[in-house]
Amino acid sequence: ELALKSLGSEGLFLFSSLDTNNDLYLSPEEFKPIAEKLTGVTPISEFEEEETPDPTGETLSIVAKFQPLVMETMTKSKDGFLGISHVALSGLRNWTAPAAHKSVMVAKQFKAFLPPKNKVDLGDPWWIIPSELNIFTGYLSNNRFYPPPPKGKEITIHRLLSMFHPRPFVKTRFAPQGSVACIQAISTFYYAIAFRIHAEFQLNEPPDFPFWFSPGQFTGHIILSKDSSHVREFKLFVPNNRSLNVDMEWLYGASESSNMEVDIGYLPQMELESTGPSVPSVIHDENGNVIDSRDPSGEPIQFVFEEITWQQEIPWIEAAQKLEVAMYPFKKVSYFPFTQAFERAKAEKKLVHSILLWGALDDHHCKLLSAFLCMPGSGRTLRETVLESSPILALLNESFISSWSLVKELEELQTNRENEFYSKLADLHLEKYNFPVEMIICLPNGTVIHHINANYFLDITSMKPEDVESSVFSFSNNFDDPSTATYLQFLKEGLQRAKSYLQT
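The following paragraphs examine the structure supplied in this document. Given the structure is predicted, the values throughout are model-derived calculations rather than measurements. (Residues numbered from 1 in each chain as written. Predicted model: local features only at pLDDT ≥ 70, side-chain atom pairs only at ≥ 80, totals over all residues. Heavy atoms only, no water.)

Re the overall build of the chain
The cut-off we apply is this: We count a stretch as a helix when DSSP gives it H or I for four or more residues in a row; a strand needs E for two or more, and each element gets its number in order from the N terminus. The buried label applies to any residue whose accessible area, calculated with a 1.4 Å probe on protein chains only, is under 20% of its type's maximum; exposed applies above 50%, and partly exposed to all values in between. Note on contacts: a residue pair is in contact if any heavy atoms of the two residues lie within 4.5 Å. All accessible-area figures derive from a Shrake-Rupley calculation using a 1.4 Å probe, and residue coverage is judged against the displayed protein chains alone.
Each helix and strand counted, the chain has 14 helices and 22 strands in total. With 504 residues in all, the chain has 50% of them scored as buried. Summarising the internal contacts of the chain: among those between residues at least 6 apart in sequence, 71% fall at separations of at least 24. Carbon and sulfur atoms make up 53% of the accessible area of the chain, which totals about 24,200 Å².

Things to note about the nonpolar core
Which entries qualify depends on this criterion: We call a set of buried Ala, Val, Leu, Ile, Met, Phe, Trp, Tyr and Cys residues a nonpolar core when their side-chain atoms join them within 4.5 Å.
Core analysis: the biggest nonpolar cluster contains 60 residues, and Ile-355, Met-439, Tyr-487 and Leu-491 have the highest contact counts within it. Counting 52 residues, the second-largest nonpolar core is a separate cluster that includes Leu-69, Ile-128, Leu-160 and Phe-234.

Describing the side chain of Thr-219
Note the cut-off: For this analysis, a polar contact is any N or O atom pair within 3.5 Å, provided that within protein one partner can donate a hydrogen and the other can accept it, and provided that sequence-adjacent residues contribute only side-chain to side-chain pairs.
With respect to the helices and strands, the residue Thr-219 is situated in strand E9 (residues 218–225). A distance of 3.0 Å separates a polar atom in the side chain of Thr-219 from the backbone oxygen of Phe-195. Aside from chain neighbours lying at most four places away, what touches Thr-219 is Phe-195, Arg-196, Lys-235, Leu-236, Phe-237, Pro-239 and Trp-316.

Some thoughts on the pattern of salt bridges
Quick reminder of the rule: Salt bridges are defined by distance alone: a side-chain nitrogen of Lys or Arg within 4 Å of a carboxyl oxygen of Asp or Glu.
Overall, the coordinates contain 14 salt bridges when judged by the stated rule. For the salt bridge of Lys-350 with Glu-348, the shortest nitrogen-to-oxygen distance reads 3.5 Å. When its relative accessible area of 34% is taken as the criterion, Glu-348 is described as partly exposed.

A short note on the sheet that holds strand E11 (residues 246–251)
Put simply, the test is: DSSP bridges decide pairing: two strands pair if at least two such bridges lie between them.
Across the sheet, which stays open at both edges, the 5 strands sit in the order E4-E7-E8-E11-E12 with antiparallel pairing between neighbours. Strands at the two margins of the open sheet, each flanked by one partner only, are strand E4 (168–169) and strand E12 (260–265). Across 2 bridges, the pairing between strand E7 (residues 200–202) and strand E8 (residues 211–215) is antiparallel. Within E8, the position partnered with Phe-201 by the bridge is Phe-213.

A short note on the sheet that holds strand E21 (residues 437–442)
Here is the rule: An axis is simply a line fitted to the C-alpha atoms; with a helix, the fit covers only the stretch in contact. Between two such axes, the angle follows the N-to-C directions and lies from 0 to 180 degrees.
Judged by pairing direction, the sheet is mixed, and its 5 strands sit side by side in the order E18-E20-E19-E21-E22 without closing on themselves. Pairing within the sheet leaves two strands with one partner each, and these edge strands are strand E18 (335–336) and strand E22 (448–453). When E21 meets E22, the two strands line up antiparallel, connected through 5 bridges. Bridge assignment links Ile-441 to a residue of E22, and that residue is His-450. This element, helix H6 (residues 338–348), spans E18, strand E19 (351–357), strand E20 (400–406) and E21 of the sheet and lies at about 165 degrees to E20.

A short note on the side chain of Gln-202
Relative to the assigned elements, Gln-202 resides in strand E7. In this view, Gln-202 contacts Arg-144, Phe-145, His-165, Arg-167, Phe-169, Pro-210, Phe-211 and Trp-212; residues no more than four positions away in its chain are not counted.

The following block contains the structure:
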């Protein structure tokens, strides 16, 4: 309240975008984007520079597995890619195998995944590559072909992703940017670490125009010694459990103002996995003498590794949720699968707050929605403003069961006649849907009692309060931020309309 009085609503919004830990205090690191913008001087990165690998250290063999994008899953495939030049998609069509099927890395390079000294509790996230984007810095340019040279911890992530394609960008154009990790398990000498990476690839080179390929996320885990001298296990992959998991954007010109085409598709497999634990590159006997790595018969010496006994651990799903909330603060509210949300709402006598959209709400490729035809009504816009605000989080937790769904998934559920109730739920939702995002409030039986399209919502919130005619979406006196006030009014109106149900 005091901050709002001192700064005004616009000033507080800017301050909050820079105050990443929400402590109402700007540290030098948080103030850095403004300093760089005003001075034009970018200080030397504080990342640790890559250490020179120890030639006698352990090495880890990693294999890449890749199945190319299923072209038929792109929406543009429905009309046979009419109007899209063959050249525009050439980088995508030609990417049928990983750039490197196998790579050998030094175990010490995975030091980048170790926690900082103040982050040794289970499930306490830290940034491997911190985000440098906020409303002040804006987004990064689309008109680029080659990644900037990676620095510090970026080097390891860049090298791993280069196994898939030679042009990975470890810092994405859009938020949420970066790589985050947390400890999943601890033993005397080892950590098991879960991580989530947002990265993208540039598939074209001049003279063609840029083509961006952005998986929803990379996730995975690593088990390594606390001094990073030994890696027991490593896996990184793009989740393939949803019907769409990749965003693609390509330009039809050589400038930022050029027309952009966008689409979403399905990538069956994109993963890296260690073939086994890291092994010494040089073997010594008990006297310190170097010995042959093969036994007298010529076979490689087999290593025996001690079993790791974990003293503390949390389930993988819990670690993944911690990383998700770090990337997306709006996920402090649980978002349940579509059918499960209605079952919980019935059991808890609550309403369902449902978001129906073309692309995923909690994957990085949701940015596609706001890029599509330059439309602002997107899941990204929602999640980075309204859904992260404290009043909205509080009301959703108290009175609603929340869910988000892809249009494609509900269309499949709609035609599934094995469960008529689920089919009807999908039908009622799709009846109200308009591109790109529809916010819906409904009863546990699926009856829609209120809904609003994201484009209409953003149109209203960009107007002056005195110009808004509808009393349904009038601005509240308690909040100066029109987006928060309007969404809060939308939710309260839904509760009001459902009063008779909630009181029975």
